[in-house]
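Architecture and fold: a report
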Amino acid sequence: MSLNKVMLIGHVGKDAEVRYFRSSNPADTDAMVAHFTVATNERNRDGSETTEWHNITAWRASAQFAEKYIRKGVQVYIEGRLHTNVWTDQNGVSHSSAEIFTESIQLLGRKEDTAEAQADEPKPGFDEVQETLPSDGLPF
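Just so it is clear, the model here is predicted, and its values are computed rather than measured.

Turning next to the packing of aromatic side chains. Using the criterion set out here, one finds 3 aromatic pairs in the structure. When the ring of Phe21 is compared with that of Trp59, the centres are 6.0 Å apart and the planes differ by 85°; the resulting orientation is edge-to-face. Pair noted here: Phe21 is in the loop between strand 2 (17–20) and strand 3 (32–43) and Trp59 is in strand 4 (residues 49–59), with a separation of 38 residues, a long-range link. When its relative accessible area of 29% is taken as the criterion, Phe21 is described as partly exposed. Seen in terms of ring centroids, Phe65 and Tyr69 are 5.0 Å apart; in terms of plane orientation they differ by 40°. Their pairing is tilted. Highlighted residues: Phe65 and Tyr69, both in helix 1 (residues 60–69), separated by 4 residues, approximately one helical turn. Each of the two residues, Phe65 as well as Tyr69, counts as buried. Within the aromatic cluster, the residues linked to one another by ring pairs are Phe21, Trp59 and Phe101.

The two faces of the sheet receive side chains in turn, since in a regular strand these alternate between them. Across 6 bridges, strand 1 (residues 6–12) lies against strand 5 (residues 75–88) in antiparallel orientation. Bridging across to strand 5, Ile9 finds its partner in Tyr77. As defined by bridge partners, strand 5 adjoins strand 6 (residues 94–107) across 13 bridges and the pair is classed as antiparallel. Across the sheet, Arg81 pairs through a bridge with Phe101, a residue of strand 6.

On to the pattern of salt bridges, then. Tallied over the full model, the rule gives 4 salt bridges. Between Glu103 and Lys5 there is a salt bridge, with the nearest N and O atoms lying 3.2 Å from each other. One end of the pair, Glu103, is in strand 6; the other, Lys5, is in the segment before strand 1, and 98 residues separate them in sequence. For Lys5, a relative accessible area of 40% translates into the label partly exposed. Across the pair Arg43 and Glu49 runs a salt bridge whose closest N-O atoms are separated by 3.7 Å. Classification of Glu49 by relative accessible area gives partly exposed; the value is 44%.

How each quantity is defined
Residues numbered from 1 in each chain as written. Predicted model: local features only at pLDDT ≥ 70, side-chain atom pairs only at ≥ 80, totals over all residues. Heavy atoms only, no water. Phe/Tyr/Trp six-rings, centres within 6.5 Å; stacked < 30°, edge-to-face > 60°. Helix = DSSP H or I, 4+ residues; strand = E, 2+ residues; numbered from the N terminus. Buried < 20%, exposed > 50% of the residue type's maximum accessible area, 1.4 Å probe, protein only. Pairing = 2+ DSSP bridges. Salt bridge = Lys/Arg side-chain N within 4 Å of Asp/Glu carboxyl O.

Below, the structure is given as structure tokens:
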């Protein structure tokens, strides 16, 4: 048995950047991906605070939600799974980065805070989106 689960509560660092792409499945009309960052803070024993930045990737329905509602400063709850990218550049130097593939996004905070950050008023039931990934685990 194995488990890859990430849960974050933090503030969005920048508006979601959305890209549309052509899917190999002609029925896939909402082929899109959104990227944004979320900051989480941790208080240290000496009273100082450490901020950790997380790269968030949302696919399809989650990307549509992000495009509409994810704005800098909004507090969010993210559930997803950790995905690590490893590559070697032209000089032979190895690099890696980590990102969270969303499974669920919820807006948090006071209603006034989220309303200020949103262009439209949220529709009932639109404070959360959940997306089930295909059984192969790939988002596309």
